[in-house]
Amino acid sequence: MLPDDLPGSADAVVVGGGTVGAWCAYFLRRSGLDRVILLEKRTLGQGASSRAAGIVRTQGGTSWAVRLGEWSRRFYLGQREELGVDSGFTPQGYLLPCFTEDDVAAARDRMAMQNSLGLSVRWLEPDEVDRLNPTLAPGLTRGGTFCAEDGYLTPPRNVTAYAVALAVTGVAVREHTAFTGLVTRGDRVTGLETSRGRVSSPLVVLTGGPELAEVGRVAGVRIPAGGVRHQVAVTEPHPDLDPSRLPMVFDLAAGLYWRPEEKGLLFGMSNPDERPGPAARVDEEYLARMRERLAELVPVTRGLGLRRVWAATIDYTPDHLPIIGPAPASGLTVASAGGAGMMWGPAVARAAADVALTGRSEVVDTGSLGLDRFDDQGHSRLATDPIALPFPADAPQVADELTIS
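Right, let's walk through the structure included here.

Definitions and limits used
- Residues numbered from 1 in each chain as written.
- Predicted model: local features only at pLDDT ≥ 70, side-chain atom pairs only at ≥ 80, totals over all residues.
- Heavy atoms only, no water.
- Helix = DSSP H or I, 4+ residues; strand = E, 2+ residues; numbered from the N terminus.
- Rg over C-alpha atoms; globule rule 2.2 N^0.38 Å.
- Buried < 20%, exposed > 50% of the residue type's maximum accessible area, 1.4 Å probe, protein only.
- Contact = heavy atoms within 4.5 Å.
- Areas by Shrake-Rupley, 256 points an atom, 1.4 Å probe, with all protein chains shown as cover.
- Pairing = 2+ DSSP bridges.
- Axes fitted to C-alpha atoms, helices over the stretch in contact; angles between N-to-C directions.
- Core = buried A, V, L, I, M, F, W, Y, C linked by side-chain atoms within 4.5 Å.
- Phe/Tyr/Trp six-rings, centres within 6.5 Å; stacked < 30°, edge-to-face > 60°.
- Lys, Arg positive; Asp, Glu negative; His and termini not counted.
- Salt bridge = Lys/Arg side-chain N within 4 Å of Asp/Glu carboxyl O.
- Polar contact = N/O pair within 3.5 Å; in protein donor to acceptor, adjacent residues only side chain to side chain.
- 1 Å grid on protein atoms, 1.4 Å probe; cavity = no way out; pocket = protein on both sides within 12 Å on 5 of 7 lines; lining within 4 Å.
- Points joined across faces, edges and corners; volume = space filled by probe spheres on them.
- Nonpolar A, V, L, I, M, F, W, Y, C, P; charged D, E, K, R; others polar.

1. Digging into the overall build of the protein chain
- Summing up its helical and strand segments, the protein chain has eight helices and 20 strands in all.
- Relative to a compact globule of 405 residues, whose C-alpha radius of gyration would be 22 Å, the protein chain shows 21 Å and is just as compact.
- Counting only C-alpha atoms, the protein chain reaches 65 × 45 × 40 Å along its principal axes.
- Here the protein chain, with 405 residues, has 59% of them falling under the buried criterion.
- Nonlocal contacts in the protein chain, meaning residues at least 24 apart in sequence, comprise 74% of its contacts between residues at least 6 apart.
- Accessible area for the protein chain stands at about 15900 Å²; split by element, carbon and sulfur atoms hold 48% of it.

As structure tokens, then:
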């Protein structure tokens with residue numbers, strides 16, 4: 001049972017007990033800070049972290065995405081040696097099929113960029129795609145890119161892993177403790193207010209996933225991040241869905257992905273036309289639409305029953321890129337994985353810890369990933385990452401819809 005007392009001071013305080021916040025607190029502690037506090041208004045992993053699909057893809061559409069994905073993948077692979085537990089990362093291979101000539105041109109350009117950064121991504125001709133993935137309806141693609149090192153993890157196991165990491169390193173975790181305000185002197189952070197009292201600290205890191213905009217508002221900082229419904233389902237088992245016949249696949253045009261799960265198929269989707277905001281109920285109509293698309297591509301799934309279906313609110317940013325950087329008040333850092341918490345979370349967390357401590361990170365160049373890339377309307381000066389779920393592009397408008405309780 002976690003202690004009830006809230007320390008009155010700390011070297012750093014992290015707000016948010018999801019994947020980014022928890023791993024950030026761990027990295028701050030490992031970097032040498034003696035007193036690190038993690039605040040979570042509910043319980044660790046109660047938000048999107050435990051409801052994710054667990055995809056870890058290095059085949060990003062930008063150099064930032066590639067570096068964040070690869071750093072996270074390597075971190076997951078080294079967890080057991082470092083912590084004695086791990087997040088259950090399973091290398092499965094990831095296929096991004098192409099259905100048009102424009103898809104092919106874009107994919108080959110991305111592959112050249114990915115290979116230049118050291119990824120083992122290769123091009124598959126249409127017949128190679130069909131041989132690699134015999135569950136896919138034959139003759140549909142014009143080829144695709146494939147990385148055998150991409151994989152997936154088990155989200156609840158990831159929550160367990162970071163809970164263990166926090167415990168063994170001595171991070172003071174305080175659940176059921178809400179962040180209620182920032183304390184400053186001039187333009188410098190000196191602490192923060194919580195539902196259980198004030199904590200003095202020169203460093204504060206704000207996370208919060210889909211509620212990050214509201215967390216920022218409490219701190220007096222406008223953060224153009226939003227929340228939107230994401231749905232995941234798992235089919236009943238079928239012999240043709242054995243993992244040996246089933247690489248992970250992302251149908252970019254439909255915003256539909258799938259991977260093996262429990263001898264069946266896990267598939268996930270987000271509706272780009274849906275109004276942003278908190279959502280935890282399944283949209284049956286959109287689920288049926290995506291099931292039909294899945295059945296066209298993976299015929300064996302037609303008529304299969306569903307073992308589990310769930311929906312969760314996950315975060316996104318207008319350009320589908322993470323936010324890692326300082327806020328206007330000195331000592332305040334903001335971190336968001338932009339909807340890729342499992343895929344980029346550890347790397348974003350490490351980079352945010354580095355930025356909080358030194359202003360820079362070797363994980364990824366964060367110079368362009370801060371809040372200053374957004375204008376007053378929340379529009380980014382960066383090009384949108386093309387390999388992402390089709391989230392809406394109007395995140396700044398959702399800030400007033402998310403509430404902290």
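The rest of the description comes next.
2. Some words on the sheet that holds strand β5 (residues 94-97)
- With mixed pairing, eight strands are arranged side by side in an open sheet as β6-β7-β5-β15-β16-β17-β14-β18. Whereas interior strands pair on both sides, the edge strands pair on one side only; in this sheet they are β6 (121-124) and β18 (306-316). Between one strand and the next, the sheet's axes are offset by a mean angle of 20°, whatever the strand orientation.
- Bridging between β6 and strand β7 (residues 144-147) involves four bridges; their strand directions are antiparallel. Bridge pairing links Trp123 to Thr145 in β7.
- Together, β14 (226-235), β15 (248-251), β16 (256-261), β17 (264-269) and β18 form the strand contacts of helix α7 (residues 284-297), whose direction differs from that of β17 by roughly 125°.

3. What to know about the nonpolar core
- Counting 52 residues, the largest nonpolar core has Trp23, Leu28, Leu38 and Leu166 as its most contacted members.
- For this core, the elements supplying multiple residues, two or more each, are β1 (12-15), α1 (19-30), β2 (36-40), α2 (63-83), α5 (155-169) and α8 (341-358).
- With 11 residues, α8 is the single largest residue contributor to this core.
- Here Leu28 is in contact with Ala12, Val14, Leu33, Val36, Val205, Ala353 and Leu357, once residues within four sequence places are set aside.
- Membership of the second largest hydrophobic core comes to 26 residues, among which are Val13, Ile37, Leu212 and Ile323.

4. Thoughts on the packing of aromatic side chains
- Under the counting rule described, the total for this entry stands at 10 aromatic pairs.
- Ring centres of Trp71 and Phe75 lie 5.7 Å apart, and the angle between their planes is 15°; on these two criteria the pair is classed as stacked. Of this pair, Trp71 and Phe75 both sit in helix α2, four residues apart, which is roughly one turn of the helix.
- Here the aromatic rings of Tyr76 and Phe89 are separated by 6.5 Å at their centres, their planes lie at 5°, and the arrangement is stacked. With Tyr76 in helix α2 and Phe89 in the loop between α2 and β4 (90-91), the pair connects residues that are 13 residues apart, well separated along the chain.
- Taken together, Trp23, Tyr26, Phe27, Trp71, Phe75, Tyr76, Phe89 and Tyr162 form an aromatic cluster joined through their ring pairs.

5. Comments concerning the side chain of Asp150
- Along the chain, Asp150 falls in the loop between β7 and β8 (151-152).
- No salt bridge is formed by the buried Asp150; the nearest opposite charge belongs to Arg73, separated by 5.5 Å.
- For Asp150, the side chain forms a polar contact with the side chain of Gln59, separated by 3.2 Å.
- Discounting residues that sit within four places of it in the chain, Asp150 has contacts with Val56, Arg57, Thr58, Gln59, Phe89, Thr90, Pro91, Gln92, Gly93, Tyr94 and Met248.

6. Looking at the layout of surface pockets
- Estimates place the volume of the second largest pocket at around 200 Å³.
- Residue lining of the second largest pocket: 14 residues in total, with Ala52, Pro155, Pro156, Glu261 and Arg308 positioned closest to the centre.
- Going through the elements one at a time, α5, β16 and β18 are the ones with two or more residues in the lining of the second largest pocket.
- Here the lining of the second largest pocket is composed, by residue class, of eight nonpolar, two polar and four charged.

7. Regarding the sheet that holds β4
- Taken in spatial order, the three strands of this open sheet run β3-β8-β4, and their pairing is antiparallel. Edge positions in the open sheet fall to β3 (55-56) and β4, since each of these has one partner strand only.
- Relative to β8, β3 is paired through two bridges, and the arrangement is antiparallel. Bridge pairing in β8 places Val56 opposite Gly151.

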